[in-house]
Amino acid sequence: MKLTISSVILSVLVASSLVSSAPLDARHNKNRGKKMMGKASQATLSSAAGAAYFLTNEPAGNFVVAASIGSDGKLTLRQATSSDGAGSHGLGGDGPDPLFAQGAVKASAAGEIVAARKVNAGSNTISVFAIDPKNPTNLQMIGQPIGSGGEFPMSVAINKAGNNVCALNSGSINGVACFAVDKAKGTIKPIANTVRSLKLNQTTPATGPAGTASHVIFSEDGTKLIASVKGVPPTPGIIAVWDVAKDGSLSKDFQPMQPAKGGLLPFSMTVIPGKNAILATDAGVGAAIFDLNATPANGVAAGQSSILTIAGQKATCWSSFSQKTKNFYVTDIGTSQVTEISLDNNLKPTIVKQYPQGDTVATIDNDIATVGGNDFMFVLAPNATQVRVLSLKAPGNAVALQTLDIAGPAKAAGLPLNAANLQGMTTFIKRA
Ligand SMILES: *[C@@H]1O[C@H](CO)[C@@H](O)[C@H](O)[C@H]1NC(C)=O
Ligand SMILES: *[C@@H]1O[C@H](CO)[C@@H](O)[C@H](O)[C@H]1NC(C)=O
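Here goes a summary of the coordinates provided. (Residues numbered from 1 in each chain as written. Chains lettered and ligands numbered in written order. Predicted model: local features only at pLDDT ≥ 70, side-chain atom pairs only at ≥ 80, totals over all residues. Heavy atoms only, no water.)

**Describing the nonpolar core**
In this structure, Tyr53, Leu168, Leu198, Leu225 and Trp242 are the most contacted members of the largest nonpolar core, which totals 39 residues. Core analysis: the second largest hydrophobic core is formed by 33 residues, Leu265, Phe267, Phe378 and Ala413 among them. (Core = buried A, V, L, I, M, F, W, Y, C linked by side-chain atoms within 4.5 Å. Buried < 20%, exposed > 50% of the residue type's maximum accessible area, 1.4 Å probe, protein only.)

Written out as C-alpha cells, the structure reads:
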C-alpha cells in the first residue's frame, strides 16, 4: 500500500431488507448525506489523533457515526455519514446487538479505509468510504455499493494491506464473499472464487442469536479467512477456516473446528499475536482459545486450545487486544462487565480483573487504540446510548476515563437512533 495515496475510509455497510422500495426511498432521501454533530475548528480537527466509528443501523437510514479521538484518548462526536442504505435488526430478540455480531464496521490503518454493513430494499450490499487524512471523522463514499454475496451481511474483515474486504452474511444465503478495493481508482470489485457458503439453515433477517454467524477475520499471516458460527444448544458452534490464495481467492470448502469441550457459542475472534491462534468469546461460557497450529481431532479444537469459564457471565460476545498491556478485554451484554484476560506462553487463559460498567448499559462492541503510547478502550453501551472510554494504564489497571453521551448530540443533529439498533466499534489512528 502506497503511503502517498490520500487516506481512505472504507465503509462496508450491509444487510438485508424486507421493506418495499418506495417508502424506503422516501425515508432514505430524508436521511442521507452528512449530519454535523459538533463544531470544531480546523486546528482542533487536525490535532485529533484519530477517530472511532460505529453504526446507527436504523431501518430508516443507516449512518456511520464518527467521533474524533483526542491526544488524551477522549472522544468528541463529530459527524454522521449516511451509508446510503438502511439498517436492520435480526429476529429472535428486540434488544441491543441487532446483528448478533462483531465487525459490523471495520477500519484499516494500512489501507486507511473503513468498512461497514448496509441494507437496501431487496438487496444486500457493502459500501466503501475514504478517510480524510486531515480529519478522519470526514468520510467520503468510494464508488457504488456492491452486493455482499449473500443475505444479511453483518461483519466485515479487511486484510493487512487494506485492499481486500471480506463480508460475512448470516441470512438464508449465508457465507463469505471478498472484494478488491482500489482507493486510487475509487473502485470496489468482487474477487473471483470468494463466494463461499456456510450452509446454515437460516432466515433473512437472521434468526438468533443461536445458530447465526458471528464474526469474520483474517488470520495474522493473512493465509486464512475465519468465520465464527454460534451453536444451537446443545450442539456446539464452529469456526470455519478457508485458505486464502495469493490472488485473494478462497479454498472451495472450509475446515470446521469446534471449540474445546464446554464451548458452545463462538462469537467474536481476536488474533493472539505471534501464536497462530485466536481468542474467541463464547456467549455460552466466557471465552475459547483456538490453536490453529493443531490439526483438530474429530473436528474439535486441539493442541493448546481450551475454554475459559467466566463465572456469572451471561453473554460474553465482543473482544479486543491491547498492545500495551498484552491482555485481552471482553465485554458481556448481560452483565455489562469488561473482563480482562491474560494468556501465558502456552495460551492458558486467566482472568486478570473485571470492570463493571453499570447494570443494563449492555456493553457490546469494543476496540482498543494506541494514542501516544497509551492504550484506550472504546466500548459501545447501547442501552445507555453511550460510549465508555477506559484508559488501559497497565495490566489489571483499566480506569474509567469518559462516558460519552450519544443520544443528546444525535437528537440535536436530527439523527435518529435507537438503543436496540446501535452496533459496531472500530478505530483509526493517523500515522505519526
Ligand atoms: C431449517 O429450519 C427450519 C426452521 O427451524 C426447519 O423447519 C427445517 O426443517 C430446517 N431444514 C433443514 C434442512 O434442516
Ligand atoms: C435495557 O434497558 C431496559 C430498560 O432499563 C432493560 O429492561 C433491559 O433489560 C436492558 N437490556 C439489557 C440487555 O441490558
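**What about the state of the cysteines?**
Counted by the stated rule, this structure contains one disulfide. Here Cys166 engages in a disulfide with Cys178; their sulfurs sit 2.1 Å apart. Judged by the sign of its S-S torsion, about 105 degrees, the bond between Cys166 and Cys178 is right-handed. Of this pair, Cys166 sits in strand 11 (residues 164-170) while Cys178 sits in strand 12 (residues 174-182), placing them 12 residues apart in sequence. Of the two residues, Cys166 and Cys178, neither departs from the other in class, the shared state being buried. (Disulfide = S-S within 2.5 Å. Helix = DSSP H or I, 4+ residues; strand = E, 2+ residues; numbered from the N terminus.)

**So, the pattern of salt bridges**
The final tally for this structure, using the stated rule, is three salt bridges. Between Arg431 and Glu112 there is a salt bridge, and its shortest N-O distance comes to 2.7 Å. With Arg431 in the segment after strand 31 (423-429) and Glu112 in the loop between strand 6 (105-108) and strand 7 (113-120), this residue pair connects regions lying 319 residues apart in the sequence. With a shortest N-O distance of 2.8 Å, Asp243 and Lys224 are connected by a salt bridge. Linking Asp243 in strand 17 (residues 238-243) with Lys224 in strand 16 (residues 224-229), this pair joins segments that are 19 residues apart in sequence. Taking the relative accessible area as the measure of exposure, Asp243 reaches 40% and is therefore partly exposed. (Salt bridge = Lys/Arg side-chain N within 4 Å of Asp/Glu carboxyl O.)

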